[in-house]
Amino acid sequence: MSDLVLYSTQQDVAVITVNNPPVNALSPGVPEGIAEGLAKAAADETVKAVVLIGGGRSFIAGADIKEFGKVTSGEKKREGGLHPLLYALEDSVKPVVAAIHGQAFGGGLEVAMACAYRVAVAAANVGQPEVKLGIIPGAAGTQRLPRLVGVAKAVEMCQFGDPVKVPVAAKLGLIDRVIERDLLEGALAYAREVAAAPVMKVRERNEKLGTAEENAPIFSAAREAAKKRQRQLMAPLAAIAAVEAATTMPFAEGVKEEARLFAECLFSTQSKAMIHVFFGERTVAKIPNVPKETVTYPIKRAAVIGAGTMGGGIAMNYANAGIPVLLKETSQEALDRGMKTISRNYAGSVAKRRFTQQAMDERMARITPQLTYDGFDEADIIVEAVFEGMALKKEIFAALDGIAKSDCILASNTSTLSIDEIASATKRPQMVIGHHFFSPANVMRLLEIVRGRETSKEVIATSMGLAKALGKIGVLVGNCRGFVGNRMFGPYRREAQFLVEEGAAIEAVDKAMYDFGMAMGPLQVGDLAGLDVGWRIRKEFQHLEAAGVRKPLLEDRLCEMGRYGQKTGAGWYKYDENRRPNLDPVVEDLIGQVRAAAGITPRAVDEAEVTDRLLYALANEGARILEEGMALRSVDIDIIYLNGYGFPAHRGGPMFYADTVGLDKVLARVREFHAQHGPLWKPAPLLERLAGEGKTFAQFDRAAAAGA
Ligand code: T1G
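Residues numbered from 1 in each chain as written. Predicted model: local features only at pLDDT ≥ 70, side-chain atom pairs only at ≥ 80, totals over all residues. Heavy atoms only, no water.

1. Some points on the overall build of the protein
When you go through the protein residue by residue, the secondary structure sums to 30 helices and 19 strands. Taken against the 2.2 N^0.38 rule, which gives 27 Å for 708 residues, the C-alpha radius of gyration of the protein at 28 Å falls within 12% of a compact globule. With the principal axes as the frame, the protein shows a C-alpha extent of 90 × 60 × 55 Å. Taken over 708 residues, the protein has a buried fraction of 54%. Summarising the internal contacts of the protein: among those between residues at least 6 apart in sequence, 74% fall at separations of at least 24. (Helix = DSSP H or I, 4+ residues; strand = E, 2+ residues; numbered from the N terminus. Rg over C-alpha atoms; globule rule 2.2 N^0.38 Å. Buried < 20%, exposed > 50% of the residue type's maximum accessible area, 1.4 Å probe, protein only. Contact = heavy atoms within 4.5 Å.)

Okay, structure coming up:
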């Protein structure tokens, strides 16, 4: 028996322990080890029943996702999968009891459902999260689950992939007993209780499969929900179809139909993209030359300067994570306004039953509004979130230098200004870092962590851990203008405006990107964030703009007209009381005037030109960012775009998407645009190199990792 699966006996019960840390994935050798243990138990006359349990922190968290890439790349042939093991478990003469703690996800739950019984501790979670990887359960999960919990719940679990807490799963009939104390002891006792009882194989239980009449509305509602909440995704629809097969076909046929649907999803670009994202969200936490064992600062007390939209949201993040936070403003009126916004945000969550009034009160109690620096000398981290002006920020950091304790991290939430220049206002640049939150700060998962030239490893490591504690995805970026996300968003939104100047309709540009999968089109996004934000930055950086380079004309004009977007009721669009966008003849007139003044004869612009110009603007700037080392890997850029800019996960991110198109094709289009539109489209040298070598951004990452 491999050491991936351990076998022992406790008097008359065999115990099979999966020992494949960190999550007991069903990696090669694990299914085989369980099967070997089962055979041993069958051959041992003293054994009356079997307990299958996970070692370490969890039961089995699913198939080994790393194996899928080997199958889809052809490196590895698809074998019989888990079915032989599942039938061996289900047909075992001696009943097998799955004992669950931590997670039983995906293949882990499918293994547990093939067992005669399932017991679990209340804190554990079960689920079929495969759709989050762009696939569906591939080991009869869609066939056994409805037989245990009924059709409606099985569809929901397979279509959305969300975890189900054990007490709820027990009520559904998925867990036979919730174990109060020691899981193994409880499972052994349960196994002895049921050792001699007759076992009904799950695959033979049909009483919960309902009738066609009962099921029809369930499946049509599920498909309706998929259309609304899972736009463009293929796996949820495949999951629904697979569960439907369980209600219309005999078990063995249903398993075949599930396998067909599973293969369709597994080989899809959507699944490759979502698996890329799964690993990418974990890769970004790995910083070359900042080893895992780097000492970090404990963050027990926080302080935020500025109670505006960003400062208030940042304070909420700390309160949500259980960290008391001081919130300083310069006037009582601004402070009251900030606290009122925070209270209103929390009340909204209570109203939506996201959490209780008590939870809101506890969070509010963790935020201390004040007009002074009282208590800042005890803070472990101070986050500056004031107006985007360098002079003000330097003044604040100079003041903090004299107040904060020596091991207090000084973070700026600046979205564009230089962390090095801000750090120069202190005598402790090694303690200064950028924590760039995205609005609304208490909602958006992305946190760009901006390393200054002198930022210490300990401050970086602490920031990466703090991001996780705040429920954020922390991505380390370099200290260039706009860092990574906004630096790329500039060309993206610039091209959207150029396309309108050249003849594209506003709504056509937005629709093209929405149809690509973006949460919102680029012009609507501008209206949402506020056109005046970019307008102010352009004015701040005017002196840096290269002369003779084409600049977008329309948004400055819209701002001069006081049309900042949703916040003023009008920007590119006019907004009704429900903030729904409507085309506005005033803007059409303005576009006509601007074209005429610029001597532009409007032309037809097709959807492909819109998506190519916007998406390749991202990829081209991303390539420059990689080259300059302002992002560690192309996947870091992808994770930034998914979590900060509404890029669709099923497209993997701007760099992954460019890889799927083929960098040679991307480069050809960039060269076309360069010829048509001038220096802004100069191809990035890295893009030219990789395209010339027939390589991908992903290969660039692997080479960088190998070289690290
Ligand atoms: N396969 C391979 N590696 C995995 C893995 C998996 N299923 N799950 C986690 N890891 C790695 C992860 O990359 C990280 O690696 C380390 O384990 C710790 O993970 C047949 C087809 C279980 C809730 O989708 O949801 O079964 O960065 O940081 O925060 O029908 O991991 O340390 O190198 O996330 O404590 C279905 C995915 C698979 C579950 C634990 N199962 N995993 O969270 O740790 S498809 C899933 C999770 C399937 C069947 C189908 C979480 C977790 P590294 P972590 P965590």
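Next comes the rest of the account.
2. With respect to the domain arrangement of the protein
Along its sequence, the protein is organised into domain 1 (5-267), domain 2 (302-477) and domain 3 (485-707). Taken residue by residue, the interface counts 16 residues in domain 2 and 14 residues in domain 3. Here domain 2 packs against domain 3, burying approximately 1,200 Å² in sum over the two surfaces, 64% of which is carbon and sulfur. Contact with domain 3 buries area across many residues of domain 2, yet Thr416, Leu446 and Val475 alone supply 30% of it, more than any other trio. Along the contact surface separating domain 2 from domain 3 lie 0 salt bridges. Where domain 2 packs against domain 3, one counts 2 residue pairs in polar contact (both at pLDDT 80 or more). Contributing elements (two or more residues each) for the side of domain 2 that touches domain 3: strand E16 (446-451) and strand E17 (473-477). Considering every element that reaches the side of domain 2 that touches domain 3, the biggest residue donor is E17, with 4 residues. Considered class by class, the residues forming the side of domain 2 that touches domain 3 number 10 nonpolar, 3 polar and 3 charged. (Domains from an automatic or database assignment. Buried area = accessible area lost by both parts, 1.4 Å probe. Salt bridge = Lys/Arg side-chain N within 4 Å of Asp/Glu carboxyl O. Polar contact = N/O pair within 3.5 Å; in protein donor to acceptor, adjacent residues only side chain to side chain. Nonpolar A, V, L, I, M, F, W, Y, C, P; charged D, E, K, R; others polar.)

3. Let's talk about the pairing of strand E4 (residues 96-100)
Burial runs high along E4: 5 of the 5 residues are buried. Because side chains alternate across E4, one face comprises the buried residues Val96, Ala98 and Ile100, and the other comprises Val97 and Ala99, equally buried. In the sheet, strand E3 (residues 49-54) pairs with E4 via 4 bridges, with the strands oriented parallel. Across the sheet, residue leucine 52 finds its bridge partner in E4, namely alanine 98. (Pairing = 2+ DSSP bridges.)

4. Focus on the packing of helix H5 (residues 141-149) against helix H6 (residues 151-160)
Direction vectors running N to C along H5 and H6 enclose 140°, while the axes themselves pass 7 Å from each other. Taken as axis vectors, H5 and H6 run oblique relative to one another. Our pair here, H5 against H6, has a crossing hand that is right-handed. In contact with Thr142, Leu145, Pro146 and Val149 of H5, H6 contributes Val151, Lys153, Ala154, Met157 and Cys158. A per-class count over the contact of H5 with H6 returns 7 nonpolar, 1 polar and 1 charged. (Axes fitted to C-alpha atoms, helices over the stretch in contact; angles between N-to-C directions. Parallel < 35°, antiparallel > 145°, perpendicular 65-115°, else oblique. Left-handed = near helix turned anticlockwise from the far one by under 90°.)

5. Things to note about the site of the ligand
Ala63, Gly107, Glu110, Gly138 and Arg282 are the nearest of the 27 residues found near the ligand. In the environment of the ligand, an oxygen atom lies 2.7 Å from a nitrogen or oxygen atom belonging to the backbone of alanine 63. In this structure, glutamate 130 approaches the ligand through a side-chain N or O atom, which is 3.2 Å from an oxygen atom. For the shell around the ligand, the elements supplying multiple residues, two or more each, are helix H2 (66-72), strand E5 (103-105), helix H4 (107-114) and helix H12 (269-283). The greatest single-element share of the shell around the ligand, amounting to 3 residues, is contributed by H12. Partitioning the shell around the ligand into residue classes produces 15 nonpolar, 5 polar and 7 charged. (Near = heavy atom within 4 Å.)

6. Some remarks on the sheet that holds E16
Strand order across the open sheet formed by 8 strands is E12-E11-E10-E13-E14-E15-E16-E17, with mixed pairing between neighbours. The outermost strands of the open sheet, each flanked by one partner alone, are strand E12 (367-370) and E17. Ignoring strand direction, the axes of neighbouring strands in this sheet form an average angle of 25°. Of the strand pairs in this sheet, strand E14 (residues 409-412) and strand E15 (residues 432-437) are connected by 3 bridges, and their pairing is parallel. Among the inter-strand pairings, alanine 411 is bridged to a residue of E15, identified as isoleucine 433. Across the sheet, helix H13 (residues 309-320) lies against strand E10 (302-305), strand E11 (325-328), E12, strand E13 (381-384) and E15, angled at about 170° from E11, the strand it touches most. Most of the contacts of helix H16 (residues 390-403) go to E14, to which it runs at about 170°, and overall it touches E10, E13, E14 and E15.

7. Digging into the sheet that holds strand E1 (residues 5-10)
One open sheet accounts for 6 strands, arranged E1-E2-E3-E4-E6-E9; its pairing is mixed. If you trace the sheet from one side to the other, it starts and ends with E1 and strand E9 (177-179), each paired once. Each adjacent strand pair in this sheet contributes to an overall mean axis angle of 25°, direction not counted. Here 6 bridges tie E1 to strand E2 (residues 13-18), and the two strands are oriented antiparallel to one another. Each bridged residue has a counterpart across the sheet, and for glutamine 10 the counterpart in E2 is valine 13.

8. What about the nonpolar core?
Ranked by internal contacts, the top residues of the largest apolar core, which has 94 residues, are Ile382, Trp572, Phe647, Leu687 and Phe697. No other element matches the 10 residues that helix H25 (residues 607-627) contributes to this core. The contacts of isoleucine 382, once residues within four sequence positions are left out, are Ala303, Ile305, Phe376, Leu400, Ala404, Cys408, Ile409, Leu410 and Ala411. Within the second largest apolar cluster, 86 residues are counted, among which are Leu86, Ala116, Leu148 and Leu174. (Core = buried A, V, L, I, M, F, W, Y, C linked by side-chain atoms within 4.5 Å.)

9. Observations regarding the side chain of glutamate 110
In this structure, glutamate 110 sits in helix H4. Buried charge without a partner: glutamate 110 forms no salt bridge, and the closest opposite charge is arginine 144, 7.2 Å away. (Lys, Arg positive; Asp, Glu negative; His and termini not counted.)

10. A closer look at the pattern of salt bridges
Evaluation of the coordinates by the stated rule reveals 55 salt bridges. The partner of glutamate 90 in a salt bridge is arginine 203, with the nearest N and O atoms 2.6 Å apart. Here arginine 203 lies in the loop between helix H8 (183-194) and helix H9 (212-229) and glutamate 90 lies in helix H3 (residues 83-90), a separation of 113 residues in the sequence. A residue is classified by how much of its surface remains accessible, and arginine 203, at 17% relative accessible area, is buried.

11. Focus on the environment of isoleucine 100
In this structure, isoleucine 100 sits in strand E4. Classification of isoleucine 100 by relative accessible area gives buried; the value is 0%. The spatial distance from the C-alpha of isoleucine 100 to the C-alpha of lysine 66 is 23 Å, given a sequence separation of 34 residues. Ignoring sequence-local partners within four residues, the contact set of isoleucine 100 consists of Phe59, Ala112, Val119, Ala120, Val121, Ala124, Val126, Ile175 and Leu183.

12. Focus on the environment of asparagine 413
By the element assignment, asparagine 413 lies in the loop between E14 and helix H17 (419-423). The sequence separation of asparagine 413 and phenylalanine 437 amounts to 24 residues, and the corresponding C-alpha distance is 6.4 Å. Among residues more than four places away in sequence, those in contact with asparagine 413 are Met310, Ile314, Val383, Glu384, Ala385, His435, His436 and Phe437.

13. Comments concerning the packing of H6 against H9
Running from N to C, H6 and H9 cross one another at 20°; their axes reach a closest spacing of 10 Å. With respect to each other, H6 and H9 are oriented roughly parallel. When you trace H6 past H9, the crossing you get is right-handed. Residue-level contacts link Val151, Ala152, Val155, Gln159 and Phe160 of H6 to Asn215, Ile218, Phe219, Ala222, Ala225, Ala226 and Arg229 of H9.

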